[in-house]
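# Residue-level structure breakdown
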Amino acid sequence: MKKDLLFPLAIFLLTTQATASFGLTNTNSAATKKLYNGVLKPAAPKNTKSSSTTTALQAASVASGGALASEESGNNGGGTATIPNEIFNLVKNIVGAGVLSLPAGIASFGNAPSAIIPATALIAVIGAASGYCFSAIGRVCAMENATSYRDAWSKTVGESTSWIPAAICTFKTSSANLAYSMILADTFKALLSTVGVNLSRDVVLVGTTVSVLLPLCLLKNLASLAPFSLLGIVGMAYTTLAMAIRYFGGAYSAAGGKFVADVAPALQPSFGSTGAAGVLDPKAFILISMLSTAYMAHFNAPKFYLELKNNTIERYNKVVSTSFLLSILTFAGIASLGFLTFGANANGLILNNYSNKDTLMAFSRVAVALSIVFSYPLAFVGFRDGVIDLLQIPSEKRTNAKLNQLTVVLLSIVTVLASKVKDLSFLLSFAGATLGNALIYVFPAMMFRAAVKKLGDKATAAQKAEATGIMGIAGMGIGMGFVGAKMAIKSLSK
């Protein structure tokens, strides 16, 4: 027991010390305070449409990955963020709680250990394609002097249709809040069970919503939540190491593992004979669609480009390539460890597979839960302000009373849905197939092609060829979205 207690403490101290030593995060900086007080403060803006939509787009990155870039924005000549700072924040932006569903994505098409081979390849390929499109958005911003995702769309595809990415982003943030509520319900239920308090999932969900989430979502100033942004990356680092210890230590081995008897039969390790060849099954698109959600940080690409000091495309691409490589390695590690431990029974939230008596994993549940609790209101603000924008509510009617009423209504809807939808892997794969693919692959390709077309004769032969080739990625995104959505829906009938 003492060893189990020392391990999480050591990980927290080492991670905190490392980030402080290299200056990778500063939650007390003026930039961070401006971010939480200004960008995410639900005040009535002068330019209602653009400001609300920008808030939704920026807050959605918290929903996907966990944090926004925390450095002060600069002009198009460059900001103040260093490359290491940008890499840290972008990895933190990408790697969120959604990664905990990836083992179930592998289990959707395979049940033998060799299934991790094609799964790892898919994680790498989808990650590379996502990184390329992230880079393309930054290059569009450089060509068009754009300052946001919507601005880039307006200056390339057209102002009249700029509501489309804004609407999709609003729905994406709503699905992120739904996923967060589902994770919190399962996680707090397991934690309460650890201390001998057994409550139903619905009771835990409603209790968490009323006592924790609602008060946080009603806050008018979110600056106090800034110091907790580090919890996400600390929690993921700890969870990865804890999962590795449990896998290599055989604590959940079907042949007499220490904690196997404490796990429900449906969550115990189960392996069969369908390995690498299983990737040829259309069900593999469930994993592919999950990855579209996992890698999504693209609405924040303009922000990362603008904030980078001396923001040449070469330096920007270094940030993007390094960040996505680190994210690929993290995704591959967690997905493989979870699947190799539990096989075909890997749950949509892999933490549900671990025993409630496992102290090591209990700390992981605590870390993930705290990270989500303090990220929840940031994502919710993007959802709420996006709804306000879509409903075209005039700024003079956006009083605190109206905002509070809308908060209660939207949070109630999310809570009801979370009580009905219990398969996290379905939610993430369906949202990734329908919304994620559009924001990651289709829209960036359309913007880049339009930007090159606007260059006319000034466009190089390489740019013209790339503009044509990138539409292939858009087609891939549409195809993956169609098949992925179909397979996600079909998985519900299992």
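Note on numbering: residues in each chain are counted from 1, in written sequence order. Local features in this predicted model are restricted to residues whose pLDDT is 70 or higher, and side-chain atom pairs enter the listing and the counts only when it is 80 or higher, whereas totals over whole chains, interfaces and linings include all residues. Side-chain figures throughout are based on the complete set of non-hydrogen atoms in the structure, without hydrogens or water.

### Some points on the overall build of the protein
- When helices and strands are tallied, the protein shows 17 helices and 0 strands.
- Here the protein holds 494 residues, and the buried ones make up 58% of them.
- Residue contacts are defined here by distance: any two heavy atoms, one from each residue, within 4.5 Å place the two residues in contact. Of the contacts made within the protein by residues no fewer than 6 positions apart, 84% connect residues no fewer than 24 positions apart.
- Throughout, the Shrake-Rupley method with a 1.4 Å probe supplies accessible areas, and for residues the shown protein chains are the sole cover considered. Put simply, the protein shows about 19400 Å² of open surface, and 65% of that area lies on carbon and sulfur atoms. In this text, helices come from DSSP runs of H or I with a minimum length of four residues, and strands from runs of E with a minimum of two, each type numbered from the N-terminal end. The buried label applies to any residue whose accessible area, calculated with a 1.4 Å probe on protein chains only, is under 20% of its type's maximum; exposed applies above 50%, and partly exposed to all values in between.

### Here we look at the layout of surface pockets
- The pocket and cavity definitions rest on a 1 Å grid over protein atoms only: a 1.4 Å probe that fits but cannot leave marks a cavity, an open set with protein on both sides within 12 Å along at least five of seven lines marks a pocket, and residues lining either have an atom within 4 Å of a point. Grid points are joined across faces, edges and corners, and a volume is the space filled by probe spheres set on the points. Of the volumes computed, that of the largest pocket is approximately 770 Å³.
- Taken together, 37 residues make up the lining of the largest pocket; nearest its centre are Leu267, Ala346, Asn347, Gly348 and Leu349.
- Elements that contribute at least two residues to the lining of the largest pocket include exactly helix 5 (102–107), helix 8 (163–194), helix 11 (284–294), helix 16 (424–455) and helix 17 (461–491).
- Grouping the constituent residues of the lining of the largest pocket by class yields 16 nonpolar, 11 polar and 10 charged. Under this grouping Gly is polar, as are all residues other than the nonpolar Ala, Val, Leu, Ile, Met, Phe, Trp, Tyr, Cys and Pro and the charged Asp, Glu, Lys and Arg.

### Some words on the environment of Ala294
- Assignment of secondary structure puts Ala294 in helix 11.
- Residue Ala294 is classed as buried on the basis of its relative accessible area, which comes to 7%.
- For the pair Ala294 and Ser429, spaced 135 residues apart in sequence, the C-alpha to C-alpha distance is 9.6 Å.
- Those residues in contact with Ala294, other than ones at most four positions away along the chain, are Ile94 and Phe331.

### A few points about the confidence of the model for the protein
- One confidence number per residue, pLDDT, is output by the predictor and ranges from 0 to 100. In the predicted model, the protein carries a mean pLDDT of 82, and the fraction of residues at 70 or more is 83%.
- Across residues 1–76, confidence stays below pLDDT 50; counting only partners more than four residues off in sequence or on other chains, it has 169 contacts.

### Considering unusual backbone geometry
- Here the phi dihedral of Asn145 falls at roughly 55 degrees; this positive angle occurs in a residue that is not glycine.
- Assignment of secondary structure puts Asn145 in the loop between helix 6 (116–144) and helix 7 (149–156).
- Not every positive phi belongs to a glycine, and Asn310 is a case in point at roughly 50 degrees.
- Within the fold, Asn310 resides in the loop between helix 12 (301–307) and helix 13 (313–342).

### Thoughts on the pattern of salt bridges
- Salt bridges are defined by distance alone: a side-chain nitrogen of Lys or Arg within 4 Å of a carboxyl oxygen of Asp or Glu. Here the structure, examined in full by the defined rule, presents 9 salt bridges.
- Note that Glu144 is salt-bridged to Lys454, the shortest N-O span being 3.0 Å. Residue Glu144 is found in helix 6, and its partner Lys454 is found in helix 16; the two are separated by 310 residues along the sequence.
- Judged by relative accessible area, Glu144 falls into the buried class, the value being 13%.
- Two residues, Lys357 and Asp262, come together in a salt bridge whose shortest N-O distance is 3.7 Å. With Lys357 in the loop between helix 13 and helix 14 (359–390) and Asp262 in the loop between helix 10 (231–248) and helix 11, this residue pair connects regions lying 95 residues apart in the sequence.
- Residue Asp262 is classed as partly exposed on the basis of its relative accessible area, which comes to 36%.

### Quick notes on the nonpolar core
- If you look at the biggest cluster of nonpolar residues, it comprises 137 residues, and the most contacted ones within it are Leu100, Phe134, Tyr295, Phe331 and Tyr376.
- Every residue in contact with Phe134, bar those within four places of it in the chain, is listed here: Leu90, Ala297, His298, Ala301, Phe304, Tyr316, Val320 and Phe324. As used here, the term nonpolar core means buried Ala, Val, Leu, Ile, Met, Phe, Trp, Tyr and Cys residues forming a set that is joined through side-chain atoms within 4.5 Å.

### Examining the packing of helix 8 against helix 9 (residues 201–217)
- Axis angles are defined between N-to-C directions and span 0 to 180 degrees, where every axis is a line fitted to C-alpha atoms and, for a helix, only to the segment in contact. The N-to-C vectors of helix 8 and helix 9 enclose an angle of 110 degrees; their axes lie 9 Å apart at closest approach. It follows from the interaxial angle that helix 8 and helix 9 lie roughly perpendicular. Along the contact surface, helix 8 presents Ser181, Met182, Leu184, Ala185, Asp186, Phe188, Lys189 and Leu192, while helix 9 presents Arg201, Val204, Leu205, Thr208 and Leu213.
- A per-class count over the contact of helix 8 with helix 9 returns 8 nonpolar, 2 polar and 3 charged. Angular relationships are summarised with four words: roughly parallel below 35 degrees, roughly antiparallel beyond 145, roughly perpendicular across 65 to 115, and oblique for the angles in between.

### Points about the packing of aromatic side chains
- By convention, a stacked pair of Phe, Tyr or Trp rings (six-membered ring in the case of Trp) has centres within 6.5 Å and planes under 30 degrees apart, an edge-to-face pair has planes over 60 apart, and any other such pair is tilted. Scanning the model with the defined rule gives 15 aromatic pairs in all.
- Ring plane angle 70 degrees and centroid distance 4.9 Å describe the contact between Trp153 and Phe443, whose orientation is recorded as edge-to-face. In this pair, Trp153 sits in helix 7 while Phe443 sits in helix 16, placing the two residues 290 residues apart along the sequence.
- Taking relative accessible area as the criterion, Phe443 reaches 7% and is therefore assigned buried.
- Grouping aromatic residues by their ring pairs yields a cluster made of Phe134, Tyr295, Phe304, Tyr305, Tyr316, Phe324 and Phe331.

### Side note on helix 10
- The span expected for a helix works out to 1.5 Å for each residue beyond the first. Helix length check: helix 10, at 18 residues, gives a terminal C-alpha distance of 26 Å against a target of 26 Å (1.5 Å per residue), a fit within 8%.
- For helix 10, the complete set of buried residues consists of Leu231, Gly232, Ile233, Val234, Gly235, Met236, Tyr238, Thr239, Ala242, Met243, Ala244 and Arg246.
- The first or second residue beyond helix 10 is Gly250, which carries a positive phi of 70 degrees.

### Observations regarding the environment of Tyr252
- Along the polypeptide, Tyr252 turns up in the loop between helix 10 and helix 11.
- Tyr252 gets classed as buried once you look at its relative accessible area, which sits at 2%.
- Measuring from C-alpha to C-alpha, the distance between Tyr252 and Pro269 comes to 7.2 Å, with 17 residues separating the pair along the chain.

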